[in-house]
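Structural overview for review
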Amino acid sequence: MLIAYRPDLENPPREGGFGIITGTGLIQLAPGLNQEVPEQQWLQARQNATVKRLMAIGAIEEVQEQVTVEEIPRDVRTLSNLPLIEAFRVIEIIHDVEQLAEWKKIEGRVKVRNAIAKRQETVKAGRA
């Protein structure tokens with residue numbers, strides 16, 4: 001299962017990971033996309049009140065499909081016309097550091113600029 005965790009959307013915003021204890025063990029979510037979360041374990045974790053609250057505000061999201069190259073937006077000149085959650089989704093799938101830098105110059109929302117900066121660091125470090 002693919003789970004997106006966006007600690008920037010929590011109030012107050014966090015920077016670290018998030019852990020959920022289930023009957024079969026611990027699920028550790030790092031900021032960004034978390035791959036290979038065991039599906040049965042995740043179904044138990046979804047029942048947790050904190051997880052439900054974070055899912056309601058968009059800080060945790062179940063991603064059902066893998067993103068393919070065709071789905072990556074090529075013509076997005078600015079993220080400012082996208083809702084916050086959509087902007088985060090676009091940032092998470094882009095590997096082009098120059099494109100991210102262009103968006104960062106134009107973007108006015110602090111949370112989006114911070115997400116772009118974190119993504120740039122991740123891509124440059126080879127962890128994307």
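Keep in mind the model is a prediction, meaning the values are calculated, not measured.

Helix-helix packing is described using two parameters, namely the angle between the two axes and the distance between the axes. Contact pair helix H3 (residues 84-93) / helix H5 (residues 110-124): the axes reach a minimum separation of 10 Å and the direction vectors enclose 10°. With respect to H5, the axis of H3 lies roughly parallel. Contacts from Leu-84, Ala-87, Phe-88, Ile-91, Glu-92 and Ile-93 of H3 reach H5 at Lys-111, Val-112, Ala-115, Ile-116 and Arg-119.

Two strands pair when backbone bridges link them, and strand S2 (residues 18-22) and strand S3 (residues 25-29) are joined in this way by five bridges, in the antiparallel orientation. Directly across from Thr-22, in S3, lies its bridge partner Gly-25. Counted along the chain from S2 to the antiparallel partner S3, the turn is two residues long.

Our focus in this paragraph is the pairing of strand S1 (residues 2-5). Alternating positions in S1 separate into two faces, Leu-2 and Ala-4 on one and Ile-3 and Tyr-5 on the other, with burial throughout. The pairing of S1 with strand S5 (residues 60-63) spans four bridges and is antiparallel. When the sheet's bridge partners are listed, Ala-4 is paired in S5 with Glu-61. One ladder, built from three bridges, connects S1 with strand S4 (residues 32-34); its direction is antiparallel. If you follow Ile-3 over to S4, its bridge partner there is Asn-34.

Within the secondary structure layout, Asp-8 lies in the loop between S1 and S2. Within the local environment of Asp-8, its side chain forms a polar contact with the side chain of Lys-118, the two groups lying 3.2 Å apart. If near-sequence neighbours (up to four positions away) are discounted, Asp-8 is found in contact with Pro-13, Arg-14, Lys-111, Ala-115 and Lys-118.

The rules behind these values
- Along each chain, residue indices are assigned from 1 in the same order as the chain's sequence is written.
- The predicted origin of the model limits local features to residues at a pLDDT of at least 70 and limits the giving and counting of side-chain atom pairs to 80 or more, whereas totals for whole chains, interfaces and linings rest on all residues.
- Excluded from the side-chain calculations are hydrogens and water; all other atoms, namely the structure's heavy atoms, are used.
- Each axis is a line fitted through C-alpha atoms, and for a helix only the stretch in contact is used; angles between axes span 0 to 180 degrees, taken between their N-to-C directions.
- The way it works is that DSSP assigns letters per residue, a run of H or I at least four long becomes a helix, a run of E at least two long becomes a strand, and they are numbered from the N terminus.
- What sets the label is the angle itself: under 35 degrees gives roughly parallel, over 145 gives roughly antiparallel, 65 to 115 gives roughly perpendicular, and the rest give oblique.
- Here, residues are in contact when the closest pair of their heavy atoms is within 4.5 Å.
- A pair of strands counts as paired when DSSP detects no fewer than two bridges linking them.
- Working definition: with a 1.4 Å probe on protein chains only, accessible area under 20% of the residue-type maximum means buried, over 50% means exposed, and in between means partly exposed.
- Polar contacts, as counted here, are pairs of nitrogen or oxygen atoms within 3.5 Å of one another; within protein the pair requires one atom able to donate a hydrogen and one able to accept it, and residues that are adjacent in sequence qualify only if both atoms are side-chain atoms.

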